[in-house]
Amino acid sequence: LFDMKISRYIMITLCVILSLGMISCDKENIIISAVKQSEDNCGSILRMYEIGGKDTAAQITLFGKTVSVSVPHHGLKTVDECGRELDAMEWEREK
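These numbers were taken from a predicted model, which means no experiment stands behind them.

About the criteria used
- Residues numbered from 1 in each chain as written.
- Predicted model: local features only at pLDDT ≥ 70, side-chain atom pairs only at ≥ 80, totals over all residues.
- Heavy atoms only, no water.
- Pairing = 2+ DSSP bridges.
- Helix = DSSP H or I, 4+ residues; strand = E, 2+ residues; numbered from the N terminus.
- Axes fitted to C-alpha atoms, helices over the stretch in contact; angles between N-to-C directions.
- Patch = residues over 30% accessible without salt bridge, like charges linked within 9 Å, V, L, I, M, F, W, Y side chains within 5 Å.
- Areas by Shrake-Rupley, 256 points an atom, 1.4 Å probe, with all protein chains shown as cover.
- Salt bridge = Lys/Arg side-chain N within 4 Å of Asp/Glu carboxyl O.
- Buried < 20%, exposed > 50% of the residue type's maximum accessible area, 1.4 Å probe, protein only.

Draft legend 1. Representation of the sheet that holds strand S1 (residues 23-25) in the model. Reading across from one edge, S1-S4-S5 is the order of the three strands in this open sheet, with antiparallel pairing throughout. Of all the strands in the sheet, just S1 and strand S5 (65-71) have a single pairing partner and so form its edges. Neighbour to neighbour, the strand axes of the sheet diverge by 20 degrees on average, direction disregarded.

Written out as structure tokens, the structure is:
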């Protein structure tokens, strides 16, 4: 029950952020699934996925700051507010 309340709160918060225009994406096939504070409290983390089956370069705007991301077809992507790609643990990916 506790987890359901947290999940509902997160979804409502994300809907408010989206509806107020605090976050946007210029591509319809990119779904922003999460916006949260980083684990080290040094900024925001964005999680997104691609639903159209094609590699997509997109512009994400979060609180007035725009970052460029490249999401592979049917892929998941986690980035920080500067656009740096992160892994699931929110560490910067090695190149």
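Draft legend 2. Broad picture of the pairing of S5. Two elements, strand S4 (residues 56-62) and S5, share seven bridges in a ladder whose sense is antiparallel. Each bridged residue has a counterpart across the sheet, and for Gln 59 the counterpart in S5 is Ser 68. Here S4 hands over to S5 after two residues, with Phe 63 in that stretch at a positive phi of 50 degrees.

Draft legend 3. Inspection of a nonpolar patch on the surface at higher detail. Taken together, the side chains of Tyr 49, Ile 51 and Leu 76 present a nonpolar region at the surface, about 320 Å² in accessible area. Mapped onto the elements, Leu 76 comes out in strand S6 (residues 76-80). Accessibility expressed as a relative area gives 69% for Leu 76, which makes it exposed.

Draft legend 4. Summary view of the environment of Leu 86. Topologically, Leu 86 is positioned in strand S7 (residues 85-86). In this structure, the C-alpha to C-alpha distance between Leu 86 and Arg 47, residues 39 residues apart in sequence, is 9.6 Å.

Draft legend 5. Summary view of the pairing of S4. With burial as the criterion, only one face of S4 is covered, namely that bearing Thr 56, Ala 58, Ile 60 and Leu 62; the residues Ala 57, Gln 59 and Thr 61 on the opposite face remain uncovered. Taken together, the three bridges between S1 and S4 define a ladder with antiparallel strand orientation. Looking at S4, one finds that Ile 23 is bridged to Leu 62.

Draft legend 6. View of the pattern of salt bridges. Going through the model one piece at a time under the given rule, you end up with two salt bridges. Between Lys 77 and Glu 85 there is a salt bridge; the shortest N-O distance is 3.2 Å. Residue classification places Glu 85 among the partly exposed residues on the basis of a relative accessible area of 30%. The salt bridge involving Asp 80 is made with Arg 84; its shortest N-O contact spans 2.7 Å. Asp 80 sits in the buried class, given a relative accessible area of 9%. Overall, the relative accessible area of 40% leaves Arg 84 in the partly exposed class.

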